[in-house]
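Residues per chain are reported as follows:
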Amino acid sequence: MDFVRYARARNWPVLLGYALFIGMMSVGYFYNVTFIQLGLKDLGERVLALPATTVAGHMAALALITCVTALGFGLWMQRRGWSTQLLLKLQLALAVIAVQTVLTAAAPWVASQASFLVWIVVCSLALGVGVPVTFSLTTDLVPVRDRGYVAAAITASAYFAAAAFPGGWQIESFSRAMLLVMLPGVLVLGLVVGLASRGRTFLAVYVAELASNHRMPRFGRGRFVANSDGRINARFGGFVLLMFGIFFIDSLGFLRIIDTPILVEGAWQAVEATPRLIIALAHVVTALAAGALYTYLNERHLFYWVFGLFAVTHLSYTFSVWLLPETTATALGTPIVYAAAVSLYTVINFALWADFSTPETISRNTAVGVALSGWTATFLSTGLAIQWQTAGMPLGEHLRLVQALALVFLLGMLVVAIGPLRGARET
Amino acid sequence: MMAPGWLRLILCGLAAVMLAACEGGIYSGTLIFEGQHRFVAGDRLPGDVVLRAGTAEFKSGSRVDGAIYLVGGTLLFDGETGGDLVVFDGRLTLGPSSVVGGDLRLGGGSLSRAEGAVVRGQTLSAALALPESPEEPRDAASLARGLIGVLLAAGLAGIWARLWPQAPQRIAATAVRAWPAALAVGLLALLVLPILLVMMAFTIVLIPVVLVVAGITLLVLGLGIASLGQRLTQLASTRLGRPLSPAWAAFVGTLVLILLFQIPVVGQVAFIAVGMLVFGAVLLARFGTRDFHLPAEASRHEDLASYARPSRE
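Residues numbered from 1 in each chain as written. Chains lettered and ligands numbered in written order. Predicted model: local features only at pLDDT ≥ 70, side-chain atom pairs only at ≥ 80, totals over all residues. Heavy atoms only, no water.

A.B. asks: What am I meant to see in the overall build of chain A here?
C.D. replies: Counting secondary structure elements, chain A contains 17 helices and zero strands. In terms of overall dimensions, chain A is globule-like: its C-alpha atoms have a radius of gyration of 21 Å, near the 22 Å expected for 427 residues. Here chain A, with 427 residues, has 60% of them falling under the buried criterion. In chain A, 86% of the contacts between residues at least 6 apart in sequence involve partners at least 24 apart. Placing the 26 positive and 18 negative side-chain charges of chain A at their respective mean positions leaves the two points 12 Å apart. (Helix = DSSP H or I, 4+ residues; strand = E, 2+ residues; numbered from the N terminus. Rg over C-alpha atoms; globule rule 2.2 N^0.38 Å. Buried < 20%, exposed > 50% of the residue type's maximum accessible area, 1.4 Å probe, protein only. Contact = heavy atoms within 4.5 Å. Lys, Arg positive; Asp, Glu negative; His and termini not counted. Charge placed at Lys NZ, Arg CZ, Asp CG, Glu CD.)

A.B. asks: Help me understand the interface of chain A and chain B in this model?
C.D. replies: Reports often express the size of an interface as the amount of accessible area lost when the parts come together. The interface is formed by 46 residues belonging to chain A together with 42 residues belonging to chain B. Note on chain A versus chain B: buried area summed over both sides is about 3,700 Å², and carbon and sulfur give 69% of it. Remark: the boundary between chain A and chain B carries one salt bridge. A salt bridge links Arg309(B) to Glu209(A); the shortest N-O distance between them is 2.8 Å. On inspection of chain A and its partner chain B, the count reaches five residue pairs in polar contact (both at pLDDT 80 or more). Elements with a minimum of two residues in the side of chain A that touches chain B: helix H1 (2–8), helix H2 (12–47), helix H9 (202–211), helix H13 (273–296), helix H14 (299–323) and helix H15 (333–355) of chain A. Of the residues forming the side of chain A that touches chain B, the biggest block, nine residues, is contributed by H14(A). (Buried area = accessible area lost by both parts, 1.4 Å probe. Salt bridge = Lys/Arg side-chain N within 4 Å of Asp/Glu carboxyl O. Polar contact = N/O pair within 3.5 Å; in protein donor to acceptor, adjacent residues only side chain to side chain.)

A.B. asks: I'm lost on the packing of aromatic side chains in this one. Help?
C.D. replies: When we look at a pair of aromatic rings, we describe it by the centre distance and by the angle of the planes. Applying the stated criterion across every chain yields a total of 22 aromatic pairs over all chains. Aromatic side chains Phe35(A) and Trp119(A) sit 5.9 Å apart centroid to centroid with 35° between the ring planes, which places their arrangement in the tilted category. One end of the pair, Phe35(A), is in helix H2; the other, Trp119(A), is in helix H5 (residues 113–135), and 84 residues separate them in sequence. As far as burial versus exposure is concerned, Phe35(A) and Trp119(A) are alike and both buried. For the pair Phe135(A) and Phe350(A), a centre-to-centre distance of 5.6 Å together with 5° between the ring planes defines the contact as stacked. Here the residue Phe135(A) occupies a position in helix H5, and Phe350(A) occupies one in helix H15, the gap between them amounting to 215 residues. Among the residues examined, Phe135(A) registers a relative accessible area of 9% and is labelled buried. Given a relative accessible area of 7%, Phe350(A) falls into the buried group. Over the ring of Tyr307(B) we find Arg218(A), and its NZ or CZ is 3.8 Å from the ring centre. (Phe/Tyr/Trp six-rings, centres within 6.5 Å; stacked < 30°, edge-to-face > 60°. Lys NZ or Arg CZ within 6 Å of the ring centre and 35° of its normal.)

A.B. asks: Would you mind showing me how to read the pattern of salt bridges here?
C.D. replies: Side chains carrying opposite charge are able to pair once their charged atoms draw close together. Considering all chains together, one arrives at 17 salt bridges over all chains under this definition. For Arg147(A), the salt bridge is made with Asp355(A), and the minimal N-O distance between the two is 2.7 Å. Pair noted here: Arg147(A) is in helix H7 (residues 147–164) and Asp355(A) is in helix H15, with a separation of 208 residues, a long-range link. Neither Arg147(A) nor Asp355(A) differs from the other in exposure class; each is buried. Put simply, Arg120(B) and Glu80(B) hold a salt bridge, and the shortest N to O gap is 3.7 Å. Placement of the pair is Arg120(B) in the loop between strand E15 (118–119) and strand E16 (123–124) and Glu80(B) in strand E9 (residues 80–81), with a sequence separation of 40 residues. A relative accessible area of 57% places Arg120(B) in the exposed class. Linked through salt bridges whose partners overlap, the residues forming this network are Arg44(B), Arg63(B), Asp65(B), Glu80(B) and Arg120(B).

A.B. asks: Could you clarify how one ought to interpret the confidence of the model for chain B in this entry?
C.D. replies: Predicted coordinates in areas of low pLDDT are best not read in detail. Residues and elements named next belong to chain B. Per-residue confidence for chain B gives a mean pLDDT of 82; residues scoring 70 or more make up 84%. Segment residues 20–25 is flagged for pLDDT under 50; beyond a separation of four residues in sequence, or across chains, it makes 10 contacts in the model. Across residues 130–134 the pLDDT falls below 50, and counting only partners more than four positions away or on other chains, this stretch makes eight contacts in the model. Both scores are available for the predicted complex, with the pTM at 0.77 and the ipTM at 0.82. (pLDDT = per-residue confidence, 0-100.)

A.B. asks: Would you mind showing me how to read the side chain of Gln230(B) here?
C.D. replies: Of note, Gln230(B) is situated in helix H5 (residues 207–239). Each residue touching Gln230(B), except ones within four places of it in the same chain, is listed here: Ala161(B), Pro168(B), Gln169(B), Pro246(B), Ala249(B), Ala250(B) and Gly253(B).

A.B. asks: Would you explain the pairing of strand E4 (residues 48–51) of chain B in this entry?
C.D. replies: One face of the sheet, then the other: side chains in a regular strand alternate in exactly this way. Residue and element names in this part refer to chain B. Neither face of E4 is open: one carries Asp48 and Val50, the other Val49 and Leu51, and all of them are buried. Pairing of E4 with strand E7 (residues 68–70) involves three bridges; the strand directions are parallel. Bridge pairing in E7 links Leu51 to Leu70. (Pairing = 2+ DSSP bridges.)

A.B. asks: What is the right way to look at the sheet that holds strand E5 (residues 55–58) of chain B in this model?
C.D. replies: The strands making up a sheet associate through backbone hydrogen bonding, with each pair oriented either parallel or antiparallel. Residues and elements named next belong to chain B. Pairing is parallel in the open sheet, where five strands are placed in the order E2-E5-E8-E11-E14. Lying at the two open borders of the sheet, with one neighbouring strand each, are strand E2 (36–39) and strand E14 (110–113). Geometrically, the sheet is characterised by an average inter-axis angle of 10° between neighbouring strands, direction not taken into account. The pairing of E5 with strand E8 (residues 74–77) spans four bridges and is parallel. In the sheet register, Glu57 faces E8, and the bridge partner there is Leu76. (Axes fitted to C-alpha atoms, helices over the stretch in contact; angles between N-to-C directions.)

A.B. asks: Can you walk me through a nonpolar patch on the surface in this structure?
C.D. replies: A surface patch of nonpolar side chains, about 590 Å² in accessible area, is lined by Leu152(B), Leu156(B), Ile159(B), Leu163(B) and Trp164(B). Within the fold, Ile159(B) resides in helix H2 (residues 140–163). (Patch = residues over 30% accessible without salt bridge, like charges linked within 9 Å, V, L, I, M, F, W, Y side chains within 5 Å. Areas by Shrake-Rupley, 256 points an atom, 1.4 Å probe, with all protein chains shown as cover.)

A.B. asks: Please clarify how the sheet that holds strand E12 (residues 99–100) of chain B should be interpreted in this entry.
C.D. replies: Residues and elements named next belong to chain B. Pairing in this open sheet of five strands is parallel, and the strands run E3-E6-E9-E12-E15 from one edge to the other. Either end of the sheet is taken by a strand with one partner, and the two such strands are strand E3 (44–45) and E15. Relative to E12, E9 runs parallel, the two being bridged by two bridges. Bridge pairing in E12 links Glu80 to Val99.

A.B. asks: Where do I start with the packing of helix H4 (residues 86–106) of chain A against helix H8 (residues 171–198) of chain A in this structure?
C.D. replies: Two measures define how a pair of helices packs: the angle their axes make with one another and the distance between the axes. Residues and elements named next belong to chain A. For the pair H4 and H8, interaxial distance at closest approach is 9 Å and the crossing angle is 155°. With respect to their mutual orientation, H4 and H8 come out roughly antiparallel. Read as a crossing pair, H4 and H8 show a hand that is left-handed. Touching Leu87, Leu90, Gln91, Ala93, Leu94, Ile97, Ala98, Gln100, Thr101, Thr104 and Ala105 of H4 are Ser175, Met178, Leu179, Met182, Leu183, Val186, Leu189, Gly190, Val193, Ala196 and Ser197, all from H8. Classifying every residue of the contact of H4 with H8 gives 15 nonpolar, seven polar and no charged. (Parallel < 35°, antiparallel > 145°, perpendicular 65-115°, else oblique. Left-handed = near helix turned anticlockwise from the far one by under 90°. Nonpolar A, V, L, I, M, F, W, Y, C, P; charged D, E, K, R; others polar.)

Take a look at the structure:
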């Protein structure tokens, strides 16, 4: 690991860069999987008493606006040459986090559908700007060799906190918890940016050193750009499609699972701490495993694992649902496999796009990768889940379709294994 | 040779499901998935009964020759069973005429017991009778059987290493050089396999596949332990100045590792860790048929000085 070598060389600026990146991305992802995905649903349905379909529509709008903003801002950053300017990116990140902190504090006071909609629009604009800004820090702060492990640390921290979260899935408790993390975060990042902008402080020297990291191949040339210049090509498009499939399958299945109390009350929403802690630990262990896999395996095998795990998870849920009327779903085997699948693909998502980029193209590439796969998939799966639920589709059939989708992607992967992805194999 | 607790748990679960699926052969059993089932006086079920879901009612005078495993659903039992009554989950009601010939084992679920219900064995609070190895008295015969089993396994490892000398070396090299990847693959594979096997067993028609996959799983573990044992023994014997041949190293290494796994707690923890590591290594090295190549990024070596901060004028 390069981290160990930097630690042995006592290169404090680079070590600070690791900490800054892992901290920012962990909090950002924790915010996304708790406050955005679960808190806003509660705000709309419980606090504002809006119909579930209306709330889901608003959530889909959030995903769409975020997607469009991320794409637009990522392209803008690349054209203006901001991708390679570390201090500017940190200043932008500070602005985004400050806006998100204000929005988080204001969320429990949202009292009408109109203000909810305004909140969502502002939030999605901030999220959209945040995607290329934060992901493009990778080429400055994280060496290529360590990206899998750094992504693992981010994933493990975010999911551990999310799974072990002691409060209910209510906007008030999410808001309180997030502010406890975000306020110190804003202050620390503000301090770093403020001192770095002044020019004579030690932090200014640190940031200046970090800002030159991207010129080293160790940082700047992603794992998959050895023979290209980081342009978007068919191979990149193939990975966008695969990641889209993963996000779509995950979101489509989980949206229905969290609406089925018997499937979550013994796991993610258990009253006792033990099941939640077991799932949290499963996230940590499998995220670390995913970090190792990302580092050692070629990406095709990673995707086999992800789609395979999702297929097994939904097959297992389909079994449980088949037997539901007669049983109590208390076993944690399936949620643990689910946690493994989610941790694995999240690690890939945090490392993959940067590894397809150069310092000049990273803002655009990460925007395209994250927006087109993650946010578009969320938008579409939310819409489809609403349609299925309003059409009265039974839970078992819903999960069977999700499982079939996972198997189709797995089969597709096997079919194209000798096709476009063949060049992806590393020796 | 005793397998570790978690492995015994998995094997017992698989055995219970598979046993229940067989009818009329060496074993007999009844597996109830759903619906209402009623057995009246004079009804007799040979073998074991597994109730996964639904409701089964055994009236006074009905009989189950084997054991009853309640995995889920509702069991209204007022008959007689020749074996244990084991409750994993679900609801059990023991009627006034009920007779449990063996033990009543309660590992979960709920119990309502009428006065007059007879349990000839013990009433225990654990569903599976997993023996506590340290306390379990072992007679000379069982020790001898265990020892023969260990020697047989070690002997097979030696023969394998002699016939295909490169395979254990490739597997061990993968376990040593790419240990994070081997551990990760082993962890994920061993996480998914039990769930997959149980679900396949529930389909009944896939039970032969389950047996094959379970056999392959044990084979993978065995090959991995033999490979790692061989590597460790070769290292140790070389250091001692008396290097062993690959076959003897595999024999001794396998023997030592298996005996190490018998140590309470430490041995079981070691088995889990080594099991994950070698399982992944065997898969990554394709059963020893090819070398596992490290990716370029992971194998790149750079001067430590290049990691230091740039010098300041």
